[in-house]
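Close look at the chain arrangement
Now for the letters of each chain:
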Amino acid sequence: MTIKAINSRNQFKGTIKRIKRGDVVSEVEVDTGAGIITSVVTTSSLDDLGLKPGFEVIALFKSTEVALASFSKI
């Protein structure tokens, strides 16, 4: 299957650095070059996608809300 287009505009290319495998869900750490993004996916999806450290992936974000917290003053 090849994806020709996707409507998700928030995309970050990266490389899988680490996978913390669980029985039901797994954590996948993706290094984007600007920082690490951690995705929680089902372990069955992890296996179906064949994800492994070193693989290049695209992290896609689709959200209706982004919350910000202030921790310092300018």
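Residues numbered from 1 in each chain as written. Predicted model: local features only at pLDDT ≥ 70, side-chain atom pairs only at ≥ 80, totals over all residues. Heavy atoms only, no water.

With that out of the way, let us pick up the packing of aromatic side chains. Across all of its chains, the model carries one aromatic pair by this definition. Where Phe 12 meets Phe 61, the ring centres are 5.6 Å apart and the plane angle is 85°; that geometry is what we call edge-to-face. Here Phe 61 lies in strand β4 (residues 56-61) and Phe 12 lies in strand β1 (residues 10-20), a separation of 49 residues in the sequence. Exposure remark for Phe 12: the relative accessible area of 41% places this residue in the partly exposed category. Residue class for Phe 61 comes out partly exposed when judged on its relative accessible area of 34%. (Phe/Tyr/Trp six-rings, centres within 6.5 Å; stacked < 30°, edge-to-face > 60°. Helix = DSSP H or I, 4+ residues; strand = E, 2+ residues; numbered from the N terminus. Buried < 20%, exposed > 50% of the residue type's maximum accessible area, 1.4 Å probe, protein only.)

What follows covers the sheet that holds β4. If you trace the four strands from one edge of the open sheet to the other, you get β3-β2-β1-β4, paired in antiparallel fashion. Each edge of the sheet is formed by a strand with only one pairing partner; in this case those strands are β3 (36-42) and β4. Neighbour-to-neighbour, the strand axes of the sheet open up by a mean angle of 50°, direction not taken into account. Pairing analysis gives five bridges linking β1 to strand β2 (residues 25-31), with the strands arranged antiparallel. Within β2, the position partnered with Lys 20 by the bridge is Glu 27. (Pairing = 2+ DSSP bridges. Axes fitted to C-alpha atoms, helices over the stretch in contact; angles between N-to-C directions.)

Moving on: a nonpolar patch on the surface. A cluster of nonpolar residues, Ile 3, Ile 6, Ile 58 and Leu 60, forms a patch on the protein surface that exposes about 370 Å² of accessible area. For Ile 3, the position within the fold is in the segment before β1. (Patch = residues over 30% accessible without salt bridge, like charges linked within 9 Å, V, L, I, M, F, W, Y side chains within 5 Å. Areas by Shrake-Rupley, 256 points an atom, 1.4 Å probe, with all protein chains shown as cover. Salt bridge = Lys/Arg side-chain N within 4 Å of Asp/Glu carboxyl O.)

This part covers the side chain of Thr 43. Residue placement: Thr 43 occurs in helix α1 (residues 43-49). A distance of 3.5 Å separates a polar atom in the side chain of Thr 43 from the backbone nitrogen of Val 25. Not counting residues within four places of it along the chain, the set of residues in contact with Thr 43 comprises Arg 21, Gly 22, Asp 23, Val 24, Val 25 and Ser 26. (Polar contact = N/O pair within 3.5 Å; in protein donor to acceptor, adjacent residues only side chain to side chain. Contact = heavy atoms within 4.5 Å.)

Position of Lys 17 among the secondary structure elements: in strand β1. For the pair Lys 17 and Thr 38, spaced 21 residues apart in the sequence, the C-alpha separation amounts to 10.0 Å. If we ignore the near neighbours within four places in the chain, the residues touching Lys 17 are Glu 29, Asp 31 and Pro 53.

A word on the confidence of the model for the protein. Considering every residue of the protein, the mean pLDDT works out to 88; 97% of them sit at 70 or more. By mean pLDDT, β4 is the weakest element of the protein at 90, and β2 is the strongest at 96. (pLDDT = per-residue confidence, 0-100.)

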